[in-house]
Amino acid sequence: MSHLSERPEKPVVGVSMPHESAGLHVTGAALYTDDLIHRTKDVLHAYPVQVMKAHGQIIGLNTEPALAVPGVVRVLTKADVPGVNDAGMKHDEPLFPDEVMFHGHAVAWVLGETLEAARIGAAAVEVELDELPSLVTLQDAMAAGSYHGAQPVMTHGDVDAGFADSAHVFTGEFQFAGQEHFYLETHAALAQVDENGQVFIQSSTQHPSETQEIVSHVLGVPAHEVTVQCLRMGGGFGGKEMQPHGFAAIAALGAKLTGRPVRFRLNRTQDLTMSGKRHGFHADWRIGFDADGRIQALDATLVADGGWSLDLSEPVLARALCHIDNTYWIPNARVAGRIAKTNTVSNTAFRGFGGPQGMLVIEDILGRCAPLLGLDPLELRERNFYQPGQGQTTPYGQPVTQAERISTVWQQVQDDAGIADRRREIAAFNAAHPDTKRALAITGIKFGISFNLTAFNQGGALVLIYKDGSVLINHGGTEMGQGLHTKMLQVAATTLGIPLHKVRLAPTRTDKVPNTSATAASSGADLNGGAVKNACEQLRDRLLQVAASRLGANASDVRIVEGVARALGNDTELAWDDLVHTAYFQRVQLSASGYYRTEGLHWDAKTFRGSPFKYFAHGAAATEVEVDGFTGKYRIRRVDIVHDVGDSLSPMIDLGQVEGGFVQGAGWLTLEDLRWDTGDGPHRGRLLTQAASTYKLPSFSEMPEEFNVTLLENATEEGAVYGSKAVGEPPLMLAFSVREALRQAVAAFGPDGVSVELASPATPEAVYWALDAARKGGARHDGDAAAGPGDEVRTGTSVLSNA
């Protein structure tokens, strides 16, 4: 086992414990960014001047009426920017735009003594607009040929030969929606300027270093004059990876110009209408199978709805392409990607970062094709799994080194859930209930862990030991409720060999650990854990030398366990506090900067080839649903999950992440239905689902009635911190099993062999229309005449026809 993966005697990692701030969360004592205004004197409030048109050129901006409003201090416009007027890393997001690109685009910001004064002032600003045609939907953009950014193509094998060798060929298309982050805490920042003109920003951001970078170039100052701190976030899910930068820049600019602290916080409606969401996608596909139902070839084009600017759309699209295989061996593949440019908010990172979209495409394909091939969906999936020892690689060329885990979690979830018996029970229930149907589906996941961009796979930490033996750790990761800080405390205590109560964690800030990567891509524990462990190892090695001299032993024979240093074969003990005290008086350095970089990664974005991921996380979920044939309403009766987190750093945290990720994924696939005004009236482009009253989120009533989650045992990940695996994003994709169970329940309303085309999100309305089509026969496998060898069948319509 590698040094990084090996666990010492009596480790603190692997022990179930609550979130380090759980008590603060439930008592309301936890401080978030916007809470800090009550501890800050003379705060000004920022409010946006939004233009409620989807597209137009600004030909006039009159701020004088706002300045006449009592309590308004200043109106920020493009003329106030001393540096670069841009909030994005691609330099395509003007902080103060000349062109309105989406309904609700902010073109100026009002600073007021009170939030109400700022609001009234913003309403008074006069904007003259030359309205232009707008592209609101993904279909609008595709029809107009409106695209931007990279156009990747991933190829593997010989696609044409693969189709020629296929006994069955199907074609289809699939469009599915995005998802709103709907974190509890909206975007927020608080900026202050000290006597030297240096800026300190409290920001609800997943990427403090990039927030620092954007603010510094907007202000036209070097990065060392800007410090960004993130106490914690009330949720992020990717929505606070890129989008907080411009908002923090507004607060910082206001503070610089007025000399007073500036508070920025979007209300819920503003957050929903101004910030980006998960990318919706459109897929065109063609797939070939041999006579036994094994995939021979896949040809697909994925189009992501990027919104008005690129943001993170290019890497999101890249990850979608890299995950279209999911757990399945595709010997011949050609997958192309495009990014549509629409007049909507700029879509951004969301848990899974394009991976869910790519994986959903192949799962939808298999769900639609199984009945056409005359195969049980479970059997079709199982036949196409990656197989160990076969030298199989992904379509982008990365070897699949743990293919056996795909089958392991798949089999374990069947055993744990009693699948065989329950399927017989479901068949009997369906035979006795013509208007209510049940179904049980299993889906698996294989999700790559690491950033697409190799350079981002690095982390830093600063660990300080004080004379009294207490320890303070700083690392570059941010806490958004996912338990990263809890895991880092456990990693530090384990590495130093001391009790957890000896260790405290400081808020994440750029003047302690510089040039950090975003807390994203499920890499927070891997990168920051490796860095914390490295720093603690430096300190431990120094202290072992001191202990050895006190104990009369070699340093290699000394162990620090539970806060006591002992030498092998020696009964003498040295307490941690005494050891630290001795080290100080021997002038031993008691601070260390740690660093970690993920080894073994390489990626060529031009050829779309390489090994961009350190490892794959695996999991499988079995979901049973019941569907009402009169209304399409459904309930999730039971969910069983087996998930691979390696050797868990903190089991209670990981179980919570699996449960939460699954529910969030089920929300995306079945409930959360983003809608815009697509008419030609005055409100074209307006987000219609801009509140919790119109945007349906999963709640207690949508939770599975029985929910069983098991972490895979004996699953040490070689070369990862203490043998663990990432857990943040992968569980979201386990929710594919909900959608596939709904598809199978809908199919039970129709004749045998019906292929169900199911919308995503599969809302009760969508389920009803799908079961209505199924009752009428839908797309059906009627033997070789309908889908025989050599025939090409279109599944994107309700009725099959030979190509």
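Residues numbered from 1 in each chain as written. Predicted model: local features only at pLDDT ≥ 70, side-chain atom pairs only at ≥ 80, totals over all residues. Heavy atoms only, no water.

Visitor: Please give an account of the environment of Val-627 that cites residues and values.
Guide: With respect to the helices and strands, the residue Val-627 is situated in strand E27 (residues 615-628). For Val-627, a relative accessible area of 1% corresponds to the buried category. With 260 residues separating them along the chain, Val-627 and Gly-367 place their C-alpha atoms 17 Å apart. When sequence neighbours within four positions are dropped, the list of residues in contact with Val-627 reads Asp-435, Thr-436, Lys-437, Gly-632, Lys-633, Tyr-634, Leu-742, Ala-745, Phe-749, Val-767 and Leu-771. (Helix = DSSP H or I, 4+ residues; strand = E, 2+ residues; numbered from the N terminus. Buried < 20%, exposed > 50% of the residue type's maximum accessible area, 1.4 Å probe, protein only. Contact = heavy atoms within 4.5 Å.)

Visitor: How would you summarise the sheet that holds strand E22 (residues 564-567) if you had to cite specific residues and measurements?
Guide: In spatial order, the strands read E21-E22-E23; together these three strands make up an open sheet with antiparallel pairing. Each end of this open sheet is capped by a strand with a single partner; those strands are strand E21 (558-561) and strand E23 (573-575). Looking at each pair of strands side by side, their axes are set apart by 25 degrees on average, direction ignored. By the bridge criterion, four bridges tie E21 to E22 in an arrangement that is antiparallel. Bridge pairing in E22 places Val-561 opposite Val-564. Relative to E23, helix H16 (residues 576-585) is tilted by about 80 degrees, and along the sheet it contacts E21, E22 and E23. (Pairing = 2+ DSSP bridges. Axes fitted to C-alpha atoms, helices over the stretch in contact; angles between N-to-C directions.)

Visitor: Requested: an account of unusual backbone geometry, with residues and values cited.
Guide: Excluding glycine, residues mostly carry a negative phi; peptide bonds, for their part, are mostly trans. Residue Ser-760 is joined to Pro-761 through a cis peptide bond whose omega torsion reads 10 degrees. Inspection of the secondary structure assignment puts Pro-761 in the loop between strand E30 (754-755) and helix H19 (764-775). Backbone geometry places Asn-326, a non-glycine residue, at a positive phi of 45 degrees. Among the structural elements, Asn-326 can be located in the loop between helix H9 (313-322) and strand E15 (333-341). The backbone phi angle of Glu-562 is positive, close to 50 degrees, even though this residue is not glycine. One can find Glu-562 in the loop between E21 and E22.

Visitor: Tell me about the pairing of strand E1 (residues 44-51), residues and numbers included.
Guide: Summarising burial for E1: seven of the eight residues are buried, a large majority. By the bridge criterion, two bridges tie E1 to strand E12 (residues 262-265) in an arrangement that is parallel. Bridge pairing in E12 places His-45 opposite Arg-263.

Visitor: How would you explain the pattern of salt bridges if you had to name every residue and give the values?
Guide: Scanning all chains against the criterion turns up 48 salt bridges. Salt-bridge contacts for Asp-299 lead to Arg-334; the nearest nitrogen and oxygen are separated by 2.9 Å. Separated by 35 residues along the polypeptide, Asp-299 in strand E14 (residues 295-307) and Arg-334 in strand E15 bring together distant segments of the chain. Relative accessible area serves as the criterion here: at 30%, Arg-334 is assigned to the partly exposed category. The residue Glu-702 makes a salt bridge to Lys-696 at a minimum N-O spacing of 3.6 Å. Via salt bridges that share partners, Glu-363, Asp-364, Arg-368, Arg-381, Arg-739, Glu-740 and Arg-743 belong to a single interconnected network. (Salt bridge = Lys/Arg side-chain N within 4 Å of Asp/Glu carboxyl O.)

Visitor: Describe the sheet that holds strand E2 (residues 56-62), with residues and values.
Guide: With antiparallel pairing, the three strands of this open sheet are ordered in space as E4-E2-E6. Strands with a single pairing partner mark the edges of an open sheet, and in this sheet they are strand E4 (99-100) and strand E6 (126-131). Across two bridges, the pairing between E2 and E4 is antiparallel. When the sheet's bridge partners are listed, Gly-56 is paired in E4 with Val-100.

Visitor: Break down the environment of Gln-490 for me, with residues and values.
Guide: Position of Gln-490 relative to the elements: it lies in helix H14 (residues 484-496). In this structure the C-alpha to C-alpha distance between Gln-490 and Pro-11, which are 479 residues apart in sequence, comes to 8.3 Å. Other than its neighbours up to four places away in sequence, Gln-490 contacts Val-12, Val-13, Gly-14, Val-15, Met-17, Leu-500, Leu-649 and Ser-650. In terms of polar contacts, Gln-490 uses its side chain to reach the side chain of Ser-650, at 2.7 Å. (Polar contact = N/O pair within 3.5 Å; in protein donor to acceptor, adjacent residues only side chain to side chain.)

Visitor: I'd like a rundown of helix H6 (residues 208-219), residues and numbers included.
Guide: When the terminal C-alpha atoms of H6 are compared, their 16 Å separation across twelve residues agrees well with the 16 Å that a helix rising 1.5 Å per residue should span. Along H6, eleven of the twelve residues are buried, which leaves the element largely enclosed by surrounding structure. Looking at H6, one finds that the buried residues are Pro-208, Ser-209, Glu-210, Thr-211, Gln-212, Ile-214, Val-215, Ser-216, His-217, Val-218 and Leu-219. If you follow the buried residues of H6, they end up packed against strand E10 (199-203), strand E11 (226-230), helix H7 (244-258) and strand E20 (508-509). Downstream of H6 by one or two residues, Gly-220 has phi in the positive range, about 70 degrees. (Expected span 1.5 Å × (residues − 1).)

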